[in-house]
Amino acid sequence: DVKVTQSSRYLVKRTGEKVFLECVQDMDHENMFWYRQDPGLGLRLIYFSYDVKMKEKGDIPEGYSVSREKKERFSLILESASTNQTSMYLCASSWGDTYNEQFFGPGTRLTVL
Amino acid sequence: GQQVMQIPQYQHVQEGEDFTTYCNSSTTLSNIQWYKQRPGGHPVFLIQLVKSGEVKKQKRLTFQFGEAKKNSSLHITATQTTDVGTYFCAGDDKIIFGKGTRLHILP
């Protein structure tokens, strides 16, 4: 079974802090994605990566950056956390084409105070 | 930009009643996927449709992709309490998600 794990289930940070969210998948998937999920807004794509060191912006990249140094790991970075970045962050991975079935991690609920 | 609209946003049904959620795109989609997210859980892939007019069934769930590949529907026959959750459609190469339909089942 594909397993996608995220470093924290819950995280509380202060405004202005640099925040790292880590995602690891164990199925050698080419593609990895970061979404944020907010009530009434569904899932919004922040960034995705289709290969090591490759990244593309999604719909809402402002205030975020990503890093993919190894195929199995995709990091989301909040350079200076703000209260409007309080959200559920979901990581996903898929093989082959970017529109193939995505496997999601359990999510990280981030609260920025 | 491309949008995927999903209706209704919420649906309450009596257990045993049928349920349908609809997904509409502003542009032609190359494919559409459906996901289910249980309360407190993460989205789980249900199915992918690729062909115009395609219909697929999974037990009580029927998925359709429109002839013009701009709309899709998920129909659940005789809902059960295990069907509770939010159903998302997602389309195209960058996987644009709809906002989801939250299904509540009344016992």
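Residues numbered from 1 in each chain as written. Chains lettered and ligands numbered in written order. Predicted model: local features only at pLDDT ≥ 70, side-chain atom pairs only at ≥ 80, totals over all residues. Heavy atoms only, no water.

### Description of the pattern of salt bridges
Think of it this way: side chains of opposite charge can pair up when their charged atoms draw near. Applying the stated criterion to the full structure yields 8 salt bridges over all chains. Salt-bridge contacts for Asp28 of chain A lead to Lys71 of chain A; the nearest nitrogen and oxygen are separated by 3.2 Å. Highlighted residues: Asp28 of chain A in the loop between β3 (19-25) and β4 (31-38) and Lys71 of chain A in the loop between β7 (64-70) and β8 (73-78), separated in sequence by 43 residues. Put simply, Arg60 of chain B and Asp83 of chain B hold a salt bridge, and the shortest N to O gap is 2.9 Å. Here Asp83 of chain B lies in the loop between β8 (71-76) and β9 (85-91) and Arg60 of chain B lies in the loop between β6 (55-58) and β7 (61-65), a separation of 23 residues in the sequence. (Salt bridge = Lys/Arg side-chain N within 4 Å of Asp/Glu carboxyl O. Helix = DSSP H or I, 4+ residues; strand = E, 2+ residues; numbered from the N terminus.)

### So, the interface of chain A and chain B
Each side of the interface is counted separately: chain A has 20 residues, and chain B has 18 residues. The contact between chain A and chain B buries some 1600 Å² in all, and 55% of this surface belongs to carbon and sulfur atoms. Area buried by chain A at its contact with chain B is led by Leu43, Tyr99 and Phe104 of chain A, which between them contribute 34% of it. Where chain A packs against chain B, one counts 0 salt bridges. Our count for the contact surface shared by chain A and chain B stands at 4 residue pairs in polar contact (both at pLDDT 80 or more). Contributing elements (two or more residues each) for the side of chain A that touches chain B: β4, β5 (42-49) and β6 (56-57) of chain A. Ranked by residues supplied to the side of chain A that touches chain B, first place goes to β5 of chain A with 4 residues. (Contact = heavy atoms within 4.5 Å. Buried area = accessible area lost by both parts, 1.4 Å probe. Polar contact = N/O pair within 3.5 Å; in protein donor to acceptor, adjacent residues only side chain to side chain.)

### Details of the confidence of the model for chain B
Summarising the model, chain B shows a mean pLDDT of 94, and 96% of its residues fall at 70 or more. The spread of mean pLDDT over the elements of chain B runs between strand β10 (residues 96-97) of chain B, the lowest at 88, and β7 of chain B, the highest at 98. (pLDDT = per-residue confidence, 0-100.)

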